[in-house]
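If you want the building blocks of each chain, they are given just below.
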Amino acid sequence: MTIQTHILGYPRIGVKRELKFAEEAYWRGENSQDEFLEKAYAVEAANWQSQVNAGLSFLTVGDFVFYDSILAHTVRLGAIPKRFNEASKLNQIDQQFYLARGRAPDCTDVAALEMTKWFDTNYHYLVPELDPAQIFNADFSDLFRQIERAKKYNKPLKVVVPGLLTFLYLSRVVDDKKTTDAPNLKKHTCECSTHYTDANTNIATIKFIDALIPVYSKLFDDLAAYGIEYVQIDEPILVLDLAPEWQSAFERVYNLLQRRDSLKLIVTTYFETLAANLNLAVNLPVAGLHIDITREKSGDFFWKKVIDQLPTHKILSLGVINGRSVWASDLVKLDEIVKTAQKSLGERLWLSTGCSLLHVPVDLKSETIPDEIDGKLAFARQKLDELVALASGYIYINEKITRAADKAFDLVGQSRLENFASRFKAQHAKLNLPLIPTTTIGSFPQTAEIRAARAAWNKGNLSDADYETAMKQEIAYTIKEQENLGLDVLVHGEAERTDMVEYFAGLLDGFWLSKFGWVQSYGSRCVRPPIIVGDITRPKAMTVKWIQYANTLTDKIVKGMLTGPVTILNWSFPPAHRTRREVCLQLAEAIRQEVSDLQDAGIEIIQIDEAAFREGLPLRRTDRAKYWDWAVKSFKHCSSSANIETQIHTHMCYSDFKDCLPEIIAMDADVITIETSRSGLQLLEVFHQQSYPNAIGPGVYDIHSPRTPDAEDMRIVIDGALKSIPAERLWINPDCGLKTRNWVETKAALTELVKMAKQVRKELETT
Ligand code: GLN
Ligand code: ZN
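What you are looking at is a predicted structure, and each value in this text was computed from that prediction instead of being measured. (Residues numbered from 1 in each chain as written. Chains lettered and ligands numbered in written order. Predicted model: local features only at pLDDT ≥ 70, side-chain atom pairs only at ≥ 80, totals over all residues. Heavy atoms only, no water.)

Caption draft 1: Looking closely at the coordination of the zinc ion (ligand 2). Around the zinc ion (ligand 2), the protein contributes the donor atoms His651 (NE2), Cys653 (SG) and Cys736 (SG), which lie 2.1 to 2.2 Å from the metal centre. Here the zinc ion (ligand 2) binds 4 donor atoms, and the angle range of 84 to 124 degrees at the metal identifies the geometry as irregular. The class for Cys653 is buried, based on a relative accessible area of 1%. (Donors = N, O, S within 2.8 Å, 3.2 Å for Na, K, Ca; no water. Tetrahedral: all angles 85-135°; square planar, octahedral: opposite > 155°, others 65-115°. Buried < 20%, exposed > 50% of the residue type's maximum accessible area, 1.4 Å probe, protein only.)

Here it is as structure tokens:
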């Protein structure tokens, strides 16, 4: 009896990020489209070749796209928003880039599509915008050409198509004519991801079902004509808490789409179990179902329920290999699952990865792996071998893989002893700051000189002492400039940090930094998340030297800068068996020690950044309380070593706290700085309505834009904020770190900011 194997998708960036470099060269005009395509197709070919070499039963086609799958599908469906009317001049390749970047050859710059987090991953998709009267002039010829290219491998093909309902669920209705509905025009491009959009509970896009049914039907007919037998139709929204309207839409849509015998649809779900949608999913009139068993809570055996309820003619594709983890699978354990499933399903059992392998690095091959984790890791390429081993039954026993620890790590978790009111009073007396003090979020421009010095140091061409001198010069310059600008609370500027998470991961024990472990974050942007490999401890102080040095250069207050535990965790790969809670608590203890050391070194204000505080939020509501519980506990633990007079700040890159303000309040930071310049002031009202008790620094301008902020725009934010927050508890700052800007832009922007703050301060003091 054979078990069919396939994957839901493969990383598209290439082993050496070839696609990224090809795209960026093309955007800069250094390469023609043909030159770009040649490089892109080489990655596509390498991806298929890996699947062939590993011995998978099917080649997956359609997962390889240039920027984002939802974007490619949007363009193929012809759902191009009106403001991109010049897109008609472009072919589909440039159309995708135009929608994603707001820029294309010979076209007027317009606001790009917004992007947002893809379920609970750190990948971002482009949010389709559908006009109220949207018609779909679909053109899938690009996909058909891809199928033609794949046919050369002489393997059975399986084509991936975004599900009709998932596509609509992730879209939104935007009437370009009405300015109130206009999308967020400014695009967020720093590492702090886009502002978070919660699972879309709105049902406005359901009305497009009827327009899409004929489009999908035609697509399926065409695919059948191309000789395709199986389609992986991705409907991951089936793992969410779905409104009844969406649930009944599933029945209707798949009843309308079934019909043809020649083409078999595998409805594909991932990132969670089907939970309440189990019955719905197993009974859809399709050929098969894919489920992700890697996210099941241990001992749940949800997959057994699926097998029990699945009609006996249907294929079940079991996602057994974790597509979100960098760790090798326990094949012996999985083999038991496979054997059990096979007993019930026989030939109807397929094996796969839980989700697309897009979320893990491509290949371990070029890494130098330290002994303690040698043999324990598996990136995308290695996971293909695991899959084939499981299906063939030739499983190898990997003695090295990590198994669950016997004892979980726990921490009582401490809090600050004094309440905010008494801390506020003590800090006010000690810090002697003016009304509405001005500050920044931490980083200042990462100049070419800084990057060159770091590169030379990493290569061994610059000694430790010379590197330190170079960084200190940058710090001194940054301090001087802030003094000239007249800011009230200064920062050292983070010159020594490549990235707010990687920097700490490099200094804490328990992390491994890979060299080539890149993962796509959005478009051509890739991140290289540190890998947590063991217990996290802090061998020595990580930031004190730099911040203390900055502090000696000025009479003004210098704010110390740390990254919080939740953010470090959410932007790293977690260990094999530890719970996220345990890891977060260990990180919190390390940061708590750093807070203590900074304080001992005379630092009076310490910011603990939690840019990704809500990024790890579980997809389903019932799981969320637990997450908030340990996330808040971890943050509070970090700040618990601060004395009453030490002021703790935190920073978040968004301001949409509608559904989690109680948790933000519970963090009890003395000051929170947030993004408000892009997402609008109405969000601050949430703070007002729920009486946010502590101090706030709303971002008064958008650092993502190179232009100098308009004084009047800043004034609008400040005036708006003053309606919700008393002046005594208000700070003035940009909306994020300045590292992506240059010095000219930075000085111009901060000059305006300080000027405006002084003007408002004067008015407040005289009234
Ligand atoms: N302190 C960090 C910086 O200024 C915060 C970055 C972030 O929020 N993403 O760069
Ligand atoms: Zn930020």
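Caption draft 2: Here's a closer look at the pattern of salt bridges. With the rule as written, the count across this model stands at 42 salt bridges. In this structure, Glu615 and Lys117 form a salt bridge, with 3.7 Å as the shortest nitrogen-oxygen distance. Placement of Glu615 in the loop between β19 (605-609) and α20 (624-639) and of Lys117 in strand β3 (residues 115-117) is noted, with a sequence separation of 498 residues between them. For Glu615, a relative accessible area of 5% translates into the label buried. Among the ionic contacts, a cluster of salt bridges with common partners joins Arg416, Arg423, Asp668 and Asp670. (Salt bridge = Lys/Arg side-chain N within 4 Å of Asp/Glu carboxyl O. Helix = DSSP H or I, 4+ residues; strand = E, 2+ residues; numbered from the N terminus.)

Caption draft 3: Molecular detail of the site of ligand 1. The local shell around ligand 1 holds 14 residues, among which Ser443, Glu494, Asp609, His651 and Gly737 are the closest. At 3.0 Å, a backbone N or O of Ile441 approaches a nitrogen atom of ligand 1. In this structure, Asp609 approaches ligand 1 through a side-chain N or O atom, which is 2.6 Å from a nitrogen atom. Taking 290 Å² as the accessible area of ligand 1 by itself, protein coverage stands at 98%. (Near = heavy atom within 4 Å. Polar contact = N/O pair within 3.5 Å; in protein donor to acceptor, adjacent residues only side chain to side chain. Areas by Shrake-Rupley, 256 points an atom, 1.4 Å probe, with all protein chains shown as cover.)

Caption draft 4: Spotlight on helix α15 (residues 464-485). Here α15 spans 31 Å end to end across 22 residues, near enough to the 32 Å set by a 1.5 Å rise per residue. Listed as buried for α15 are Tyr467, Met471, Glu474, Ile475, Thr478, Ile479, Glu481, Gln482 and Leu485. For α15, the buried positions fall inside an angular range of 165 degrees around the axis, keeping them on one side. In this structure, α15 carries Gln473 and Asn484 as exposed residues pointing more than 90 degrees from its buried face. Residues of α15 that are buried in the fold lie against α14 (448-459), β13 (489-491), α17 (544-552), β18 (557-563) and α24 (743-766). (Expected span 1.5 Å × (residues − 1). Arc of directions from axis to C-beta. Contact = heavy atoms within 4.5 Å.)

Caption draft 5: Representation of the sheet that holds β13 in the model. Taken in spatial order, the 6 strands of this open sheet run β13-β18-β19-β20-β21-β22, and their pairing is parallel. Each edge of the open sheet carries a strand with a single partner, namely β13 and β22 (695-698). For this sheet, the mean angle separating the axes of adjacent strands, direction not counted, is 30 degrees. (Pairing = 2+ DSSP bridges. Axes fitted to C-alpha atoms, helices over the stretch in contact; angles between N-to-C directions.)

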